[in-house]
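Here is what each chain is made of, one letter per residue.
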Amino acid sequence: MRDLNNTKILFFAPDFFGYDFKITEKLEGFGAKVDLYNERPSSNFINKIIIRLYKKPIKKYIKRYFHKIIELNIQNKYDFIFIIKGEVFNKEIVNEFKKGFPDAKLILYLLDSILNYKDIIECIPLFD
């Protein structure tokens, strides 16, 4: 693994058996400074169902969640934006991150078949 000293990473991951914290811990062990966020606005059961089945009615809620993260971190000069799963990301949100952090490389890691991530398919060309 390459040395990640002084590397800043904005990391989005699902809340899944603590893997998000384990990956963060490992990246920090390599010297990175990591800011971790859930890859969706909420992980409770009802919100998961709404996100999977009825995403359009809560589109503004999702957009506000990511907009707030950008606002909170705009002063950070991230080297990477690392997204695992990205279930609620869409082209508009990814472009907002590219605009807010123009020097960051965007990395996407999918856990499942790409067919399970309908909105992310159109975003693939936006990632490095």
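Residues numbered from 1 in each chain as written. Predicted model: local features only at pLDDT ≥ 70, side-chain atom pairs only at ≥ 80, totals over all residues. Heavy atoms only, no water.

Chemist: Report on the pattern of salt bridges, specifying residues and quantitative values.
Modeler: Scanning the entire structure with this criterion turns up three salt bridges. Across the pair K63 and E92 runs a salt bridge whose closest N-O atoms are separated by 2.6 Å. With a gap of 29 residues between them, K63 in helix α3 (residues 59-73) and E92 in helix α4 (residues 91-100) connect regions that are remote in the sequence. Two residues, K85 and E87, come together in a salt bridge whose shortest N-O distance is 3.6 Å. You can call E87 buried: its relative accessible area is 11%. (Salt bridge = Lys/Arg side-chain N within 4 Å of Asp/Glu carboxyl O. Helix = DSSP H or I, 4+ residues; strand = E, 2+ residues; numbered from the N terminus. Buried < 20%, exposed > 50% of the residue type's maximum accessible area, 1.4 Å probe, protein only.)

Chemist: Quick one: what's the story with a nonpolar patch on the surface, residue by residue and with numbers?
Modeler: A surface patch of nonpolar side chains, about 340 Å² in accessible area, is lined by I114, L115, I121 and I124. Residue I121 is classed as partly exposed on the basis of its relative accessible area of 39%. (Patch = residues over 30% accessible without salt bridge, like charges linked within 9 Å, V, L, I, M, F, W, Y side chains within 5 Å. Areas by Shrake-Rupley, 256 points an atom, 1.4 Å probe, with all protein chains shown as cover.)

Chemist: Got a sec to walk through the side chain of N73? Specific residues and values, please.
Modeler: Considering the arrangement of structural elements, one finds N73 in helix α3. When residues no more than four places from it in sequence are discounted, the contact partners of N73 are D35, Y37, Y78 and F101. (Contact = heavy atoms within 4.5 Å.)

Chemist: Quick rundown of the environment of Y109? Include the residues and the values.
Modeler: Considering the arrangement of structural elements, one finds Y109 in strand β4 (residues 105-109). In the structure, Y109 is positioned 96 residues away from A13 in sequence and 9.5 Å away in space, judged by C-alpha atoms. Ignoring sequence-local partners within four residues, the contact set of Y109 consists of F82, I83, I84 and K85.

Chemist: Can you break down unusual backbone geometry residue by residue, with the values?
Modeler: Of note, the phi angle at N6 is positive, near 65°, even though the residue is not glycine. Position of N6 relative to the elements: it lies in the segment before β1 (8-13). Relative accessible area serves as the criterion here: at 74%, N6 is assigned to the exposed category. Non-glycine residue F17 carries a positive phi angle of around 55°.

Chemist: Go over the sheet that holds strand β2 (residues 33-38), please, and point to the residues and values.
Modeler: Spatial ordering of the open sheet is given by β2-β1-β3-β4, a layout of four strands whose pairing is parallel. In this open sheet, the two strands that pair with only one neighbour each are β2 and β4. Across this sheet, the average inter-strand angle for adjacent strands is 15°, counted without regard to direction. Pairing geometry for β1 and β2, over six bridges, is parallel. Paired with A13 across the two strands is N38, which belongs to β2. Contacts from helix α1 (residues 19-29) reach β1, β2 and β3 (80-84), with the element oriented near 170° to β2. Where α3 meets the sheet, its contacts fall on β1 and β2, and the angle it forms with β2 comes to roughly 160°. (Pairing = 2+ DSSP bridges. Axes fitted to C-alpha atoms, helices over the stretch in contact; angles between N-to-C directions.)

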